[in-house]
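Okay, here's what each chain looks like letter by letter:
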Amino acid sequence: MTRRWPILAGGLAVVVLAPLALIVFVALAMLGASPAMGCTINPPSASPGATAAPNGWAGQGSWTSEQVGNAAIIVSVGAELHVPRYGWEIAVATAMQESTLRNLGHLGADNDHDSLGLFQQRPSQGWGTPEQILAPRYATGKFYERLVKVEGWQTMPLTQAAQAVQRSAFPDAYAKWQPEAQQLVALISDRLNIVCTSDGGDGLPPLDDAGLPDGYLLPSDPQLRAVVTFALGQLGKPYVWSAEGPDSYDCSGLVMASWAAGGLRIPRVTADQVHTGVAIPSLSAMQPGDLVFIPGSDGTMSRPGHVGMYIGVDRSGRQYLIQAPKTGDVVKVVAVSNWSRQVAAIRRPKP
């Protein structure tokens, strides 16, 4: 579906906005999204679904207010349909590639077959009528409907999941948009005050356990050595939401128990842990035992919902952390680079 756009003076592609068509959403059960996850947009009037066009959004970086507004529609529909956050990122990245986040009408001789709208969906391929496809909320709902039917989509690389839905002639084109999609989704989630409840988790595709890094040495400081040693002793134990050990842990339960082994009591839940101790300004300034926060499956950059603990570096200087990832996974060591684009905060616990 990906195509090249005709360029006019000023470098802008032709954009045709259609009137808002009748919006019909697929029921949650039909979508197959997680019934254990629910999201709210506060206040409800902030939802872009209340308007026919994306209004009131400031431009961000190279994205205009119109483009950001369309991304906000994609995010809000994903939240309303209980699609996990990773799905929002896939959808936004897909629309970035397909339409540059513009609701494109028919481009005449330059049109790619009968492709239309944010996702360049084709009426002839069963996506809906032209009027429906040109209604952003309808088009977004149809994208999610097909995404959640892709077996294993939550564990796929973003470009593979997007391609499974779009079947583009350029299957690798979506990957380049992932960093910008993640940033835009985080910004919009904060602006819309989207609050999701679920069984927690890092919200990331599964990662292999890196194990102890090559040449790894425990911290020399006695307290930090005790903290990290305890955490490493929990490797392989299952993630269980609200568990504090000794046989299973959730993310905040693991770091709380680890710091307790070092003689320091820290708050139990991520929402409180993100305010404990002192702020650390960058990944390069971390020391073992520091808490690293990301949005996770049910948080945002301003209210992160997932935490891991930095443990140090390998022989080559690559950084690692330990975490309890999500239901169905186990406590493991992963490279910090897997989190680096979405770190919301770093805190150093102090008495």
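Structure: above.
Residues numbered from 1 in each chain as written. Predicted model: local features only at pLDDT ≥ 70, side-chain atom pairs only at ≥ 80, totals over all residues. Heavy atoms only, no water.

Description of the sheet that holds strand β4 (residues 291-294)
- Strands sit in the order β3-β8-β4-β5-β6-β7 across an open sheet of six strands; the sheet is antiparallel. For this open sheet the edge positions go to β3 (278-279) and β7 (332-335), each flanked by a neighbour on one side alone.
- The pairing of β4 with strand β8 (residues 345-348) spans three bridges and is classified as antiparallel. Each residue of the ladder has a partner; that of F293, found in β8, is A345. (Pairing = 2+ DSSP bridges. Helix = DSSP H or I, 4+ residues; strand = E, 2+ residues; numbered from the N terminus.)

What to know about the packing of helix α2 (residues 65-80) against helix α5 (residues 136-147)
- Contact geometry for α2 and α5: axes closest at 9 Å, N-to-C directions at 50°. With respect to α5, the axis of α2 lies oblique. Taken as a pair, α2 and α5 cross one another with a handedness that is right-handed. Residue-level inspection shows N70, I73, I74, S76, V77, G78 and E80 of α2 in contact with α5, the latter providing P136, R137, T140, G141 and Y144.
- For the contact of α2 with α5, the residue count by class is five nonpolar, five polar and two charged. (Axes fitted to C-alpha atoms, helices over the stretch in contact; angles between N-to-C directions. Parallel < 35°, antiparallel > 145°, perpendicular 65-115°, else oblique. Left-handed = near helix turned anticlockwise from the far one by under 90°. Contact = heavy atoms within 4.5 Å. Nonpolar A, V, L, I, M, F, W, Y, C, P; charged D, E, K, R; others polar.)

Quick word on helix α6 (residues 158-166)
- Burial analysis of α6 places seven of its nine residues in the buried class, which makes it a mostly covered element.
- Structurally, α6 contributes buried residues whose contacts are with α3 (85-99), α5 and α7 (178-191). (Buried < 20%, exposed > 50% of the residue type's maximum accessible area, 1.4 Å probe, protein only.)

Function-wise, these values are silent; they only describe arrangement.
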